[in-house]
Amino acid sequence: MPNIKSAVKRVKTIEKRRALNASQKSALRTAVKAADQAVVATDVEAAKAALNTATKKLDKAVTKGLIHKNAAARKKSRLAKKLNALSAQA
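Numbering of residues begins from 1 in every chain and follows the order in which that chain's sequence is written. This being a predicted model, a pLDDT of at least 70 is required before a residue's local features are given, and a value of 80 or more before pairs of side-chain atoms are given or counted; all residues contribute to the totals for chains, interfaces and linings. Only hydrogens and water are set aside; all other atoms, that is, all heavy atoms of the structure, feed into the side-chain values.

Engineer: Could you give an account of the overall build of the protein, with specific residues and numbers?
Structural biologist: Strands are runs of DSSP state E lasting at least two residues, helices are runs of H or I lasting at least four, and both sets are numbered from the N terminus onward. A tally of regular secondary structure across the protein gives three helices and zero strands. Walking the protein from its N terminus toward its C terminus, one meets helices and strands in the order α-α-α. Throughout, the radius of gyration refers to the C-alpha atoms, and the reference size of a globule is 2.2 Å times the residue count to the power 0.38. The C-alpha atoms of the protein give a radius of gyration of 18 Å, which is well past the 12 Å a tight globule of 90 residues would have. With the principal axes as the frame, the protein shows a C-alpha extent of 65 × 20 × 15 Å. For the protein, buried positions account for 22% of its 90 residues. Three labels apply to residues, based on accessible area from a 1.4 Å probe with only protein chains included: buried if under 20% of the type maximum, exposed if over 50%, partly exposed otherwise in between.

And the structure:
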């Protein structure tokens with residue numbers, strides 16, 4: 001535990017940020033997983049809605065600095081690719 005007042009404050013803010021980042025990252029993973037599962041379930045409408053939600057969360061995560069922009073682009077691309085393949089089948 002730090003002795004200096006500013007360092008004590010810093011520890012508090014870091015802990016808050018860590019908790020917030022973990023929460024947002026978890027929600028992001030859940031959204032991406034939901035989009036994946038909707039594609040596997042071959043439900044085109046649900047998959048489109050889930051992809052839209054996942055895309056928003058990915059973009060938000062990039063602006064917040066949670067994930068790298070290329071990682072978000074890669075995930076969005078892969079999800080869109082799966083959805084397009086599903087739409088082509090239907």
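Engineer: Describe the UniProt feature "coiled-coil region" (unreviewed entry) in the protein, with residues and values.
Structural biologist: UniProt positions are given in the numbering used here, feature names are shortened, and annotations may be inferred rather than shown by experiment. The UniProt record marks residues 44-89 with the feature "coiled-coil region" (unreviewed entry), using the residue numbering of this structure. In the segment residues 44-89, helix accounts for 91% and strand for 0%; the C-alpha atoms at its two ends are 10 Å apart.

Engineer: So what's going on with the pattern of salt bridges? Which residues, and what values?
Structural biologist: Salt bridge, as applied in this entry: a Lys or Arg side-chain nitrogen positioned within 4 Å of an Asp or Glu carboxyl oxygen. Using the criterion set out here, one finds three salt bridges in the structure. A salt bridge links Lys-82 to Asp-36, with the nearest nitrogen and oxygen atoms 2.7 Å apart. Residue Lys-82 is located in helix H3 (residues 69-89), and its partner Asp-36 is located in helix H1 (residues 5-40); the two are separated by 46 residues in the primary sequence.

Engineer: Describe unusual backbone geometry, listing the residues and the values that go with them.
Structural biologist: Of all residues except glycine, most have a negative phi; of all peptide bonds, most are trans. With a phi angle near 55 degrees, Thr-42 is a residue other than glycine that sits in the positive phi range. Tracing the chain through its elements places Thr-42 in the loop between H1 and helix H2 (44-64).

Engineer: Tell me about the packing of H1 against H2, and please be specific about residues and values.
Structural biologist: For the pair H1 and H2, interaxial distance at closest approach is 8 Å and the crossing angle is 155 degrees. Here H2 runs roughly antiparallel to H1, going by the angle between their axes. Judged by the sense of rotation from one axis to the other, the crossing of H1 with H2 is left-handed. Here H1 contributes Gln-24, Ala-27, Leu-28, Ala-31, Val-32, Ala-34, Ala-35, Ala-38 and Val-39 to the contact with H2, which in turn contributes Ala-46, Ala-47, Ala-50, Leu-51, Ala-54, Lys-57, Leu-58, Ala-61 and Lys-64. Residues that form the contact of H1 with H2 fall into these classes: 15 nonpolar, one polar and two charged. Simply put, an axis is a line fit to the C-alpha atoms, just over the touching stretch for a helix, and the angle between two N-to-C directions goes from 0 to 180 degrees. Comment on the angle field: the value is read as roughly parallel under 35 degrees, roughly antiparallel over 145, roughly perpendicular from 65 to 115, and oblique elsewhere. Less than a right angle of anticlockwise turn of the near helix away from the far helix marks a crossing as left-handed, whereas a clockwise turn marks it as right-handed. Two residues form a contact once any of their heavy atoms are found within 4.5 Å. For this classification, the nonpolar set comprises Ala, Val, Leu, Ile, Met, Phe, Trp, Tyr, Cys and Pro, the charged set comprises Asp, Glu, Lys and Arg, and every other residue, Gly included, is treated as polar.

Engineer: Can you tell me about the nonpolar core, naming the residues and giving the values?
Structural biologist: Buried residues of nine kinds, namely Ala, Val, Leu, Ile, Met, Phe, Trp, Tyr and Cys, make up a nonpolar core once their side-chain atoms join them within 4.5 Å. Core analysis: the biggest nonpolar cluster contains 19 residues, and Leu-28, Val-32, Ala-47, Ala-54, Leu-58, Ile-67 and Leu-79 have the highest contact counts within it. At the level of secondary structure, the elements contributing two or more residues to this core comprise H1, H2 and H3. With seven residues, the top contributor of residues to this core is H2. Those residues within four positions of Ala-47 in sequence are excluded, and the remaining contacts are Ala-38, Val-39, Leu-83 and Leu-86.

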